[in-house]
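The primary structure of each chain is shown beneath.
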Amino acid sequence: MPNPDAAAEVFGDAEIRYRSVIEAIPELLYEVDARGTVLFCNRPEAAPSAAGHVGSSVFDVMGAPLDGLARPIFERVLASGVAEEAELSYGAERGRAWRHLAVLPLPHASGGPEDGERWALVLIRDVSARKQAEGLRHRFVERVITAQEDERRRVAQELHDALGQILTGVALRLKALEDRATTDALADDLAGVRSLTEQAIDEVSHIARQLRPPALDRRGLPAALQACVQEVRRSSDIQIHVELEGVGLNERFNPAVETALYRIAQEALANILKHSGAQRAEIVLARAGDELRMAITDDGCGVAGALSEEGHGLAGIQERASLLGGRVRLESAPGNGLALEVRVPL
Ligand SMILES: Nc1ncnc2c1ncn2[C@@H]1O[C@H](COP(=O)(O)OP(=O)(O)OP(=O)(O)O)[C@@H](O)[C@H]1O
Ligand SMILES: [Mg+2]
């Protein structure tokens with residue numbers, strides 16, 4: 001015969017162990033029914049700041065409706081039956097205090113709103129420290145990128161205004177000397193030097209355009225992408241073009257978006273030339289709802305397996321997109337080229 005006292009002791013022990021584990025976890029854990037009423041909370045004393053409950057005693061939290069932050073997510077999960085998570089900042093502490101919330105419907109949850117049965121778990125974790133560190137890093141990277149663009153603009157201008165003008169002056173004087181040369185041999189020599197000087201002028205202007213294309217500041221992203229593609233055509237046989245969908249050739253966007261997408265395209269094109277062996281490539285710039293989408297595809301060798309993490313190019317693309325709250329998708333199969341898609345909010 002089983003001894004009821006011994007069983008109670010065993011179950012009692014298990015219950016105590018279970019409770020001590022649940023109470024020790026740093027997350028706030030709620031059990032809620034299908035109406036969002038709190039049936040259990042592991043640390044009610046910590047609930048007010050995290051979940052928006054006003055009370056701080058167990059009686060204020062238990063039996064109260066799940067409120068504040070978690071409610072809208074709970075409603076969505078109730079409608080879809082699919083777990084959701086989100087990171088939110090709220091109330092007076094908006095921007096400083098952040099919570100990670102997860103609403104997980106219980107696998108066997110079948111209780112209707114009237115049943116008062118356990119329906120979902122709600123987990124709330126304080127992620128303020130991580131979010132603050134991320135914010136700091138974000139602002140630092142933003143400043144570095146802005147400083148880099150300013151410096152590039154300055155150096156491009158100097159190259160054009162100082163070195164470019166001097167070389168143009170040299171070429172003009174060489175032409176004058178050539179016209180006054182007393183022998184054909186001297187005229188030929190001077191023509192040779194003038195041709196080299198003209199190559200240098202072209203090179204300086206190419207470098208200046210690479211550093212900061214004037215079209216980007218004067219005419220905007222679509223026109224700058226066209227100019228960039230023309231530069232690529234100058235130095236390679238690749239067939240490449242820009243396609244605009246729902247975007248005007250002279251349309252302007254926020255300068256941060258223009259610069260980021262331009263630099264992303266520049267790196268993607270450099271990668272195509274360096275790694276892909278492609279014959280054809282395409283840049284599509286399209287408006288997609290409230291996002292701007294840029295897809296860069298090539299028909300080259302593609303990538304087999306994991307991408308090398310040695311380079312800085314793809315990491316930079318990721319970084320620039322995420323600074324704008326955007327995202328990047330890479331798709332490739334060996335022999336089938338690479339497709340890179342960036343979406344940024346407008
Ligand atoms: N279009 C492409 N076709 C084939 N492989 C590519 C393509 N783009 C990138 N890759 C692969 O992805 C790797 C990582 O690219 P990433 O731009 O990060 O670095 P990298 O170009 O090697 O160096 P860096 O950009 O710092 O000069 C490349 O080394 C290459 O193997
Ligand atoms: Mg690269």
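As a reminder, the structure under discussion sits directly above these lines.
Residues numbered from 1 in each chain as written. Chains lettered and ligands numbered in written order. Predicted model: local features only at pLDDT ≥ 70, side-chain atom pairs only at ≥ 80, totals over all residues.

## A closer look at the overall build of the protein chain
- Helix and strand counts for the protein chain stand at 10 helices and 10 strands.
- Contacts spanning at least 24 positions in sequence make up 58% of the contacts within the protein chain whose residues lie at least 6 apart. (Helix = DSSP H or I, 4+ residues; strand = E, 2+ residues; numbered from the N terminus. Contact = placed C-beta atoms within 7 Å.)

## Section: the nonpolar core
- If you look at the biggest cluster of nonpolar residues, it comprises 30 residues, and the most contacted ones within it are Leu225, Leu261, Ile264, Ala265 and Met294.
- Considering each element in turn, this core owes the most residues, eight residues, to helix H9 (residues 255–276).
- Leaving out residues up to four positions away in the same chain, alanine 265 has contacts with Leu225, Cys228, Ile283, Met294 and Ile296.
- Listed in part, the 18 residues of the second largest apolar core include Tyr30, Leu66, Val77 and Leu101. (Core = buried A, V, L, I, M, F, W, Y, C linked by C-beta atoms within 7 Å. Buried ≥ 20, exposed ≤ 12 C-beta atoms within 10 Å, placed from the backbone.)

## Quick notes on the site of ligand 1
- Close to ligand 1 lie 17 residues, the nearest being Asn271, Ser276, Gly311, Gly313 and Leu314.
- Residue contributions to the shell around ligand 1 peak at five residues, all from H9. (Near = placed C-beta within 6 Å.)

## Topic: the packing of helix H5 (residues 128–180) against helix H6 (residues 184–211)
- Closest axis-to-axis distance for the H5/H6 pair is 9 Å, and the angle between their directions is 165 degrees. It follows from the interaxial angle that H5 and H6 lie roughly antiparallel. Where H5 crosses over H6, the handedness of that crossing is left-handed. (Axes fitted to C-alpha atoms, helices over the stretch in contact; angles between N-to-C directions. Parallel < 35°, antiparallel > 145°, perpendicular 65-115°, else oblique. Left-handed = near helix turned anticlockwise from the far one by under 90°.)

## Re the environment of leucine 106
- Summarising the element assignment, leucine 106 is placed in the loop between strand S4 (98–105) and strand S5 (120–126).
- Sequence-distant contacts of leucine 106, defined by excluding residues within four places in its chain, comprise Arg118, Trp119, Ala120 and Leu121.

## Concerning H6
- Between its first and last C-alpha, H6 extends 40 Å over 28 residues, near the 40 Å set by a 1.5 Å rise per residue.
- At its buried positions, H6 is contacted by H5 and helix H8 (221–235). (Expected span 1.5 Å × (residues − 1).)

## Focus: the sheet that holds strand S3 (residues 84–89)
- One open sheet accounts for five strands, arranged S2-S1-S5-S4-S3; its pairing is antiparallel. Each edge of the sheet is formed by a strand with only one pairing partner; in this case those strands are strand S2 (38–41) and S3. Mean inter-strand twist for the sheet, computed between neighbouring axes without regard to direction, equals 20 degrees.
- Direction of pairing for strand S1 (residues 28–32) relative to S2: antiparallel, over a ladder of three bridges. Among the inter-strand pairings, tyrosine 30 is bridged to a residue of S2, identified as cysteine 41.
- Each of S1, S3, S4 and S5 touches helix H4 (residues 70–80); the most contacted strand, S4, lies at about 25 degrees to it. (Pairing = 2+ DSSP bridges.)

## Thoughts on helix H10 (residues 313–323)
- Turning to H10, its buried residues are Ile317, Arg320 and Ala321. Burial along H10 is one-sided: seen end-on, the buried residues are contained in an arc of 95 degrees.
- Of the surrounding elements, those touching the buried residues of H10 are H9, strand S9 (327–332) and strand S10 (338–345).
- Taken from the residues just after H10, glycine 325 is the one with a positive phi, measuring 75 degrees. (Arc of directions from axis to C-beta.)

## Some points on the packing of H9 against H10
- As a packed pair, H9 and H10 sit with axes 10 Å apart at the nearest point and diverge in direction by 160 degrees. In terms of orientation, H9 and H10 fall into the roughly antiparallel class. Remark: the crossing between H9 and H10 carries left-handed chirality. Contacts from Ala260, Arg263, Ile264, Glu267, Ala270 and Asn271 of H9 reach H10 at Gly313, Gly316, Ile317, Arg320 and Ala321.
- When grouped by side-chain class, the residues that make up the contact of H9 with H10 number five nonpolar, three polar and three charged. (Nonpolar A, V, L, I, M, F, W, Y, C, P; charged D, E, K, R; others polar.)

## Quick look at the environment of glutamate 331
- Position of glutamate 331 among the secondary structure elements: in strand S9.
- Given 14 C-beta atoms within a 10 Å radius, glutamate 331 is considered partly exposed.
- Separated by 34 residues in sequence, glutamate 331 and threonine 297 have C-alpha atoms that sit 9.3 Å apart.

## A short note on the sheet that holds S9
- Within the open sheet, the five strands sit side by side as S6-S7-S8-S10-S9. Their pairing is mixed. The sheet is open, and its two borders are formed by strand S6 (239–245) and S9, each paired with just one other strand. Mean inter-strand twist for the sheet, computed between neighbouring axes without regard to direction, equals 10 degrees.
- Where S6 and strand S7 (residues 280–288) come together, seven bridges link them in parallel fashion.

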